[in-house]
Amino acid sequence: MIKIYLDDVRTPVEAGWTVVRNYDQFVDTVTYIGLENIELISLDHDLGDTAMKEWHRNVYHNYELNYDNITEKTGMDCTKWLINQWLDGAPIVDVVVHSANAIGSANMMGYINNYRHIHRLPQNCVRVQIQHTV
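Keep in mind that what you see is a predicted model, and the values were worked out from it rather than measured.

Some points on helix H2 (residues 49-62)
Note that an α-helix has 3.6 residues per turn; residues three or four places apart therefore point the same way. Compared with the 20 Å implied by 1.5 Å per residue over 14 residues, the 19 Å span of H2 between its first and last C-alpha is a close match. If you look at H2, its biggest bend is around 40°, right at Trp55. Those residues of H2 that are buried are in contact with helix H4 (102-118). The first or second residue beyond H2 is Tyr63, which carries a positive phi of 55°.

Here it is in structure tokens:
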């Protein structure tokens, strides 16, 4: 079973993760491997320069996240894609969030846990810390 780590800059210290850096790599890798072969997915929210600028300008200081200020796809886009796969009948896998962006993390966890709640599954998507290098 494979573990997927979505992050544009960090790499987990622990061996055994398949690292993907952006939305396209995430979709391509998950599609290629198949959700039936994935044990765990760990998500970052901010996947590029404009997402990081939004985090520094608004999220960190004002506790606001405006997706209109982000031009690249984020971990939230990956989350929505993943949920759509589940809605189409693909196997449901465990997902955690390791993002430093608290608002983006809450958005992703809420989206996943809402799906799980509606389908009477444990709401087990939580924010975690995974040791990493940059």
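Side note on the state of the cysteines
Note: disulfide means a covalent bond formed between the sulfur atoms of two cysteine side chains. Going through the model one piece at a time under the given rule, you end up with zero disulfides. The thiol sulfur of Cys78 is not disulfide-bonded, and the nearest other cysteine sulfur, from Cys125, lies at 13 Å. In this structure Cys125 comes out as buried when scored by relative accessible area, which is 3%.

Focus: H4
The terminal C-alpha atoms of H4 lie 24 Å apart, and with 17 residues this matches the ideal 24 Å at 1.5 Å per residue to within 8%. Gly104, Ser105, Met108, Met109, Ile112, Asn113, Tyr115 and Arg116 are the residues of H4 that are buried. Buried residues along H4 cover an arc of 150° about the axis, so they all sit on one side. Each element contacted by the buried residues of H4 is listed here: strand S4 (38-43), helix H3 (75-87) and strand S5 (94-97). With a side-chain oxygen positioned 3.1 Å from the backbone nitrogen of Ile103, the residue opening H4 is Asn101.

Calculation criteria
Residues numbered from 1 in each chain as written. Predicted model: local features only at pLDDT ≥ 70, side-chain atom pairs only at ≥ 80, totals over all residues. Heavy atoms only, no water. Helix = DSSP H or I, 4+ residues; strand = E, 2+ residues; numbered from the N terminus. Expected span 1.5 Å × (residues − 1). Bend = angle between axes of the 7 residues up to and from the residue. Contact = heavy atoms within 4.5 Å. Disulfide = S-S within 2.5 Å. Buried < 20%, exposed > 50% of the residue type's maximum accessible area, 1.4 Å probe, protein only. Arc of directions from axis to C-beta. Polar contact = N/O pair within 3.5 Å; in protein donor to acceptor, adjacent residues only side chain to side chain.

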